Every structure is written in C-alpha cells, then in structure tokens.
Amino acid sequence: MVFYFKARPDAGDYTIFMGLDKYENEELIKYGFPEDIWFHVDKMSSAHVYLRLHKGQTIDDISEGVLEDCAQLVKANSIQGNKVNNIDVVYTPWANLKKTASMDVGQVGFHNPKMVRTVKVEKRINEIVNRLNKTKVERKPDLKAEREAANAAERAERKLQQRDKKRREEMERLEKERQAEVRSYKGLMVAEKMTSNKQIASESKSLQELEEDFM
C-alpha cells in the first residue's frame, strides 16, 4: 500500500507519497524514479516520504512551501519525531540512496553524503498536516511495472531524439554541399573569367577578312 498526497496547490501539481511499512519502503527504494526526492527524520525512525519532481527539475527547484509540506509530513509520520520539537529532516535525490545486502529491510545509506541536505523543523504545524491528509489517497500500485513503463518511454524518447538528430545532421550536410556548389558556380561566373558576346565579335574576323587573308 502506498499513500499519495497533493502538495499545496499554489506551488504547482506535485505528488508526495510514502509506503505503508518498511516492506513497502523497500519497493519504493528499488523502483524509484530519477525525479524522486527522498525525505526522512534524521537519526530517528520515520516514514520514507518521497516528492516526485517534474521532468528536468532537480533538488534545487523545490520551493520553500513544498519543502515544508514534505518535512511536516515526515515529522507527523515519525512516532518519536512527532513528539519533540526542533528535529532535522534529511532529504536527497532517489539516485543517491544506497542499498546493500547487509542492510535491514527498509534501511538505506547514501552514495554521496555531500548530496544529502537538512531542513530544521521547529514544531508540527497541524494546519499543514491536516491539509495534506485531506488529499490522501491509498493505492496498491505495481511499482515494478510503473518503472518498466517509464524506462520504455525513456528509451522511445531517446530513440526519437537520436532519429531527429540524424535527420538534422543529414539536412545540414546536404545544405553544406549545396552551399559549396553555389560557391563553386559563382567562382566560374567571375566577370574576369568570362568572355562577352561583344568581345567575341570584336576578336573574330569577318568572312571577307578571312578570304582576303587566304588570298
């Protein structure tokens, strides 16, 4: 089971989601998307909350409002973190999550600790948590199938881009050849290299002159 939430409307159409338990978290870790940002209460047990960014966006594009929504949702879904103030919430891109065979179910590490950011949450803000909970939807997605479908779409997009690139390159090649032909033709048409009809007439002898030369 995965729970889906909608971030504040004025921030844009962003989906926030989290797994029901550590086993569902394991699936989310395994089949995440490059656009996913992972959130967790630092040094405490909590839900694994994800924010799905739009294509092309990075962690630097998260607005303060959406960041606050995610941080508040993580805090509210931490048994210990929900009881205390001034907690830290860590977040990082999904691709930075590291999973090894020796780790417990739902446990993760980081490939690059420098890519992990921290936001301070002073206290729970019920207005935010209640707003998010009103948008809550429960689903049982096939995370593997969703990821495979996304991979297939990405491959198709790359293939289309490569085909368009080859078409552009071929058009550019043909245009260069055409321009070269035009320059070559213009070179042949230079006035100094051409002989006008008037010049031909002036340089040619008349039939009478030729006959006189012959005689």
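The notes below deal with the structure included here. Since the model is a prediction, treat every value here as computed from it, not as a measurement.

1. Notes on the sheet that holds strand β5 (residues 87-93)
If you walk across this open sheet you meet the seven strands as β8-β5-β3-β4-β2-β1-β9, and the pairing is antiparallel. Among the strands making up the open sheet, the edge pair consists of β8 (117-121) and β9 (137-139). Sheet twist, expressed as the mean angle between neighbouring strand axes with direction ignored, is 25°. Pairing analysis gives three bridges linking strand β1 (residues 2-6) to β9, with the strands arranged antiparallel. Residue pairing across strands places Y4 opposite V137, the latter belonging to β9. Set on the sheet, helix α1 (residues 22-30) makes contact with β1, β2 (15-19) and β4 (49-52); between it and β2 the angle comes to about 130°.

2. Observations regarding the pairing of β5
Along β5, six of the seven residues are buried, which leaves the element largely enclosed by surrounding structure. Of the pairings in the sheet, the one linking strand β3 (residues 36-41) to β5 comprises five bridges and is antiparallel in character. Within the sheet, the bridge partner assigned to W38 lies in β5 and is T92.

3. Considerations on the environment of K120
By the secondary structure assignment, K120 is in strand β8. Beyond its immediate sequence surroundings of up to four residues, K120 is in contact with N86, I87 and D88. There is a polar contact of 3.1 Å between the side chain of K120 and the side chain of D88.

4. Regarding the packing of aromatic side chains
By the definition in use, this model includes four aromatic pairs. With a centroid separation of 5.7 Å and an interplanar angle of 65°, the aromatic rings of W38 and F110 are classed as edge-to-face. A residue pair is termed long-range when its members are at least 10 positions apart, and W38 in strand β3 and F110 in strand β7 (residues 109-110) qualify at 72 residues. The class of F110 is partly exposed, set by a relative accessible area of 27%.

5. Structural notes on the side chain of R147
Relative to the helices and strands, R147 is located in helix α4 (residues 143-188). Residue R147 is classed as buried on the basis of its relative accessible area of 12%. In this view, R147 contacts Y31, G32, F33, P34 and E154; residues no more than four positions away in its chain are not counted.

6. Focus on the packing of helix α2 (residues 64-76) against helix α3 (residues 126-134)
It is at 9 Å that the axes of α2 and α3 come closest, and there the two elements cross at 90°. Between α2 and α3, the crossing angle belongs to the class labelled roughly perpendicular. Every residue of α3 that contacts α2 at E68, D69, Q72, L73 and A76 is listed here: I128, V129, R131 and L132. Partitioned by chemical class, the residues of the contact of α2 with α3 number five nonpolar, one polar and three charged.

What counts as what
- Residues numbered from 1 in each chain as written.
- Predicted model: local features only at pLDDT ≥ 70, side-chain atom pairs only at ≥ 80, totals over all residues.
- Heavy atoms only, no water.
- Pairing = 2+ DSSP bridges.
- Helix = DSSP H or I, 4+ residues; strand = E, 2+ residues; numbered from the N terminus.
- Axes fitted to C-alpha atoms, helices over the stretch in contact; angles between N-to-C directions.
- Contact = heavy atoms within 4.5 Å.
- Buried < 20%, exposed > 50% of the residue type's maximum accessible area, 1.4 Å probe, protein only.
- Polar contact = N/O pair within 3.5 Å; in protein donor to acceptor, adjacent residues only side chain to side chain.
- Phe/Tyr/Trp six-rings, centres within 6.5 Å; stacked < 30°, edge-to-face > 60°.
- Parallel < 35°, antiparallel > 145°, perpendicular 65-115°, else oblique.
- Nonpolar A, V, L, I, M, F, W, Y, C, P; charged D, E, K, R; others polar.

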